[in-house]
Structures are given as structure tokens and as C-alpha cells.
Amino acid sequence: MTGQWLVANDGVRWWYDSGALSLDFAHTGVLDGPPAWEQLHSPDDLSSWLGDRFERLADDAGDRDLADALSLRAAIYRLARAQADGTAVKADDVDTLNLYAATPDIPPALDGGSRQAGRTRVRVGQALSAIARDAVHLLGHAADGRIRECSADNCQLVFFDESRTNNRRWCSMQRCGNRAKVKAFRAKEKL
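Residues numbered from 1 in each chain as written. Predicted model: local features only at pLDDT ≥ 70, side-chain atom pairs only at ≥ 80, totals over all residues. Heavy atoms only, no water.

1. A word on the side chain of Gln126
Okay, so step 1: Its location among the elements puts Gln126 in helix H5 (residues 124–142).
Okay, so step 2: Note on Gln126: relative accessible area 13%, which makes it buried.
Okay, so step 3: Not counting chain neighbours up to four residues away, the residues in contact with Gln126 comprise Pro104, Asp105, Ile106, Pro107 and Arg121. (Helix = DSSP H or I, 4+ residues; strand = E, 2+ residues; numbered from the N terminus. Buried < 20%, exposed > 50% of the residue type's maximum accessible area, 1.4 Å probe, protein only. Contact = heavy atoms within 4.5 Å.)

Here it is, written out as C-alpha cells:
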């Protein structure tokens with residue numbers, strides 16, 4: 001399941017579903033964006049965010065895990081932004097993403113057995129690897145022109161358009177979509 005609550009500069013909370021785990025992670029703090037949107041201030045914040053998405057998180061994140069997460073997050077955001085804008089990607093961002101995707105992932109396991117095969121708890125590095133692999137899949141051929149920037153003039157959020165008709169325009173109908181419709185209605189009323 002994807003999506004998370006974001007807080008705008010005016011303090012209003014709203015639900016944002018980017019359509020992909022990796023894009024949700026990239027929007028835990030928007031580069032060059034409002035400071036209010038930063039969610040990963042400490043290792044505990046990272047542990048909490050990952051714990052909400054990965055069952056059985058084994059350990060609390062440390063300072064190094066937070067630094068790794070911020071590096072991965074920045075690379076995913078810049079790569080998604082480049083794809084949405086149709087601009088060239090930076091080789092360093094691709095290398096960063098590939099590095100995290102190459103680390104051990106979370107092995108699948110079926111509950112109910114009597115023997116344990118491998119670890120039963122997810123480590124922070126494995127969770128970051130799963131996020132990186134999601135980004136590789138998404139930013140590779142899976143997106144096929146479906147990574148977009150919100151159509152609102154003052155919004156920088158990027159999302160994966162999962163709609164059947166491939167016509168999603170807004171980061172959220174609760175926020176930008178509603179504002180655009182109200183603006184259009186008021187303009188129509190003035191006529």
C-alpha cells in the first residue's frame with residue numbers, strides 16, 4: 001500500500017499517494033521544498049517510517065542508516081524529477097540507486113512453517129534495498145511515461161499515474177485538484 005500524510009506550510013495535513021513506495025520515500029522531504037515537509041529528522045523518524053511499511057523491522061536505525069536513507073532518497077527524487085521533466089539523469093544518481101538495489105533484499109517467507117530459513121526480522125539496509133529495487137523497476141520500463149509532476153502551478157510533487165486512462169493530473173484531489181476546480185468555478189461564475 002502506498003501513500004502518506006504530508007503537512008503543507010500552512011499546517012494543513014493532506015493525504016498524498018504517489019503510486020509507488022519509492023516515490024513515497026522520495027517525498028519524505030522534498031529537495032528545495034518547504035522545511036515543513038521534512039519527515040526524517042532523526043534515526044528514530046526513519047525507523048518509524050520504515051516500520052509503518054515493513055513488517056518485522058529488526059532494529060532501530062542509526063546515524064549511518066539515516067545518512068544512507070537521505071542519500072538514496074535524494075537520488076530517487078532527482079531521477080523521478082528528471083523522468084517527469086524529460087531531462088537527462090545524472091550518472092551519480094543512477095549509480096547511487098543501483099548500489100542500494102544491489103544490496104540484500106528482504107527474502108520472501110510464508111508464515112506457518114516450523115523451521116526458520118534466514119532472518120525473520122527486516123534490517124534497515126534490507127528495507128532501503130527494497131525501496132531502491134522498487135525505484136529501479138519504476139524508473140525503468142515500468143513507468144513508460146507515467147511519472148508526472150502535479151499540474152498545479154505551485155506544486156512540485158511527482159507521482160506515478162496508475163490510472164487506467166493515463167490521465168491523472170494532480171498530486172491529490174484533496175489539495176491541488178480541489179483548488180484547481182474551485183478556481184475554475186470562480187472564474188466561470190465571474191463571467
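2. Focus: helix H2 (residues 43–53)
Okay, so step 1: Among the residues of H2, Pro43, Leu46, Ser47, Trp49 and Leu50 are the ones counted as buried. The arc that holds every buried residue of H2, seen down its axis, measures 165 degrees, which confines them to one face. Structural note: H2 exposes Asp44 and Asp52 on the side pointing more than 90 degrees away from its buried face. (Arc of directions from axis to C-beta.)

3. Points about the packing of aromatic side chains
We describe a pair of aromatic rings using the distance from one ring centre to the other and the angle between the two ring planes.
Okay, so step 1: Evaluated as defined, the whole model comprises two aromatic pairs.
Okay, so step 2: Judged by centre distance (5.4 Å) and plane angle (70 degrees), the rings of Trp5 and Trp15 are edge-to-face. Here Trp5 is found in strand E1 (residues 4–7), whereas its partner Trp15 is found in strand E2 (residues 13–16), with ten residues between them in sequence.
Okay, so step 3: The partly exposed category is assigned to Trp5, whose relative accessible area is 43%. (Phe/Tyr/Trp six-rings, centres within 6.5 Å; stacked < 30°, edge-to-face > 60°.)

4. Thoughts on the environment of Glu162
Okay, so step 1: Within the secondary structure, Glu162 sits in the loop between strand E4 (158–160) and helix H6 (173–190).
Okay, so step 2: Each C-alpha atom, one on Glu162 and one on Ser18, is 9.3 Å from the other, the two residues being 144 residues apart in sequence.
Okay, so step 3: Other than its neighbours up to four places away in sequence, Glu162 contacts Gly19 and Arg146.

5. Regarding the nonpolar core
Okay, so step 1: Phe25, Leu46, Leu50, Leu72, Ile76, Leu97 and Ile131 are the most contacted members of the largest nonpolar core, which has 35 residues in total.
Okay, so step 2: The biggest single contributor to this core is H5, with nine residues.
Okay, so step 3: Aside from chain neighbours lying at most four places away, what touches Leu46 is Phe25, Leu40, Ala61, Asp65, Leu66, Ala69 and Val124.
Okay, so step 4: In terms of nonpolar packing, the next biggest core, distinct from the first, is built from 13 residues, Tyr16, Cys155, Phe159 and Trp170 among them. (Core = buried A, V, L, I, M, F, W, Y, C linked by side-chain atoms within 4.5 Å.)

6. Some details on the side chain of Thr2
Okay, so step 1: Here Thr2 shows up in the segment before E1.
Okay, so step 2: Among the polar contacts listed, one links the side chain of Thr2 to the side chain of Asp17, at a separation of 2.5 Å.
Okay, so step 3: With residues near it in sequence (within four places) discarded, Thr2 still touches Trp15, Asp17, Gly19, Ala20, Leu21 and Asp24. (Polar contact = N/O pair within 3.5 Å; in protein donor to acceptor, adjacent residues only side chain to side chain.)

Any functional reading would require information that these geometric values do not contain.
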